[in-house]
Amino acid sequence: MTIKGQAAFTIRNEQETALLAERIAKLIKPGVVLALDGDLGAGKTTFSQKFAKAIGVNDVVNSPTFTIIKEYEGASMPFYHMDVYRLSLEEAYDLGLDDYFYGSGVTIVEWASLIEELLPPERLEMYIAHEGGEERNIRITGIGEPYASWCGALDEMGAGNNDDRA
């Protein structure tokens, strides 16, 4: 039986997106996979940019929509940023994207549900819903350990849930 944890956050602006990204970045280690999904234009790439900055990536991080994957050097580990929106499951498999999931870096996959069969069984899933203006609702599901416990840790750090600490 797989252990799951969940948390939900309301993000009111880009600064709160950065704060959530920083708090998640404090928990990561090599081999972490963040699976992002959500509405078109909801902020998956913005979250990825804020996360990259939080782990010490100094390069400009932009959407890998047409390149599929971009690799960056972070302060303590590589950062792999993927956008699989234009790929079929078979194409993703042929490209060997799953090799990144078990490597020495941290991976963010935008539109991850499109390649769910290739994702590691333990991961952190994020769904970002655009609520109008700058407001976003983010649902985080930790599948397996340590990801399930991260949801509680994020709450303890004050990352969201309409909490004025965020």
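Along every chain, residues carry numbers that run from 1 in the direction the sequence is written. This being a predicted model, a pLDDT of at least 70 is required before a residue's local features are given, and a value of 80 or more before pairs of side-chain atoms are given or counted; all residues contribute to the totals for chains, interfaces and linings. The side-chain figures draw on all heavy atoms in the structure; neither hydrogens nor water molecules are used.

**What about the overall build of the protein?**
Thinking step 1. Each helix corresponds to a stretch of at least 4 residues labelled H or I by DSSP, and each strand to a stretch of at least 2 residues labelled E; elements are numbered beginning at the N terminus. Each helix and strand in the protein was counted, giving 5 helices and 7 strands.
Thinking step 2. Atoms counted for the radius of gyration: C-alpha only. Globule rule: 2.2 Å times residue count to the power 0.38. In terms of overall dimensions, the protein is globule-like: its C-alpha atoms have a radius of gyration of 15 Å, near the 15 Å expected for 166 residues.
Thinking step 3. The C-alpha extent of the protein, read off along each of the three principal axes, is 45 × 35 × 30 Å.
Thinking step 4. Within the protein, the fraction of its 166 residues that count as buried is 51%.
Thinking step 5. Contact definition: two residues touch when any of their heavy atoms are within 4.5 Å. By sequence separation, contacts in the protein at least 24 residues apart represent 63% of the contacts at least 6 residues apart.
Thinking step 6. In short, Shrake-Rupley with a 1.4 Å probe defines the accessible areas, and a residue's cover is counted only from the protein chains shown. Accessible area of the protein: about 8,100 Å², with a carbon and sulfur share of 47%.
Thinking step 7. Only four residue types enter the charge count: Lys and Arg as positive, Asp and Glu as negative, with His and the chain ends excluded. Note on charges: their place is set at NZ of Lys, CZ of Arg, CG of Asp or CD of Glu. Averaged over its 14 positive side-chain charges, the protein has a centre that lies 6 Å from the centre of its 27 negative ones. Relative accessibility thresholds used throughout: buried, under 20% of the residue-type maximum; exposed, over 50%; partly exposed, between the two (1.4 Å probe, protein chains only).

**What to know about the environment of His 81**
Thinking step 1. Relative to the helices and strands, His 81 resides in strand β4 (residues 78-83).
Thinking step 2. Take His 81: its relative accessible area is 0%, and that puts it in the buried class.
Thinking step 3. Linking His 81 and Gln 49, residues 32 residues apart in sequence, is a C-alpha distance of 9.4 Å.
Thinking step 4. Excluding residues that lie within four positions of it along the chain, His 81 makes contacts with Thr 45, Ser 48, Val 61, Asn 62, Ser 63, Pro 64, Ile 68, Ile 69, Lys 70, Tyr 72, Ile 108 and Glu 110.

**Brief notes about the side chain of Asp 37**
Thinking step 1. With respect to the helices, strands and loops of the structure, Asp 37 is situated in strand β2 (residues 33-38).
Thinking step 2. Although Asp 37 is buried, it forms no salt bridge, and the closest oppositely charged side chain is Lys 44 at an N-O distance of 6.9 Å.
Thinking step 3. Of note is the side chain of Asp 37, whose polar atom sits 3.4 Å from the backbone nitrogen of Ala 112.
Thinking step 4. Pairs of N or O atoms within 3.5 Å make up the polar contacts considered here, provided that, within protein, one atom can donate a hydrogen while the other can accept it, and that residues adjacent in sequence are counted only when both atoms are side-chain atoms. Looking at Asp 37, its side chain comes within polar contact range of the main-chain nitrogen of Ser 113, at 2.9 Å.
Thinking step 5. If we ignore the near neighbours within four places in the chain, the residues touching Asp 37 are Lys 44, Trp 111, Ala 112, Ser 113, Met 126, Tyr 127 and Ile 128. Salt bridges are defined by distance alone: a side-chain nitrogen of Lys or Arg within 4 Å of a carboxyl oxygen of Asp or Glu.

**Regarding the confidence of the model for the protein**
Close inspection of predicted coordinates is inappropriate for parts of the model with low pLDDT.
Thinking step 1. Every residue gets a pLDDT, meaning the predictor's confidence in that residue, from 0 to 100. Chain-level pLDDT for the protein is 90 on average; 94% of the residues reach the 70-or-more range.
Thinking step 2. Ignoring residues within four places in sequence, the model shows residues 161-166, a span with pLDDT below 50, making 19 contacts including any to other chains.

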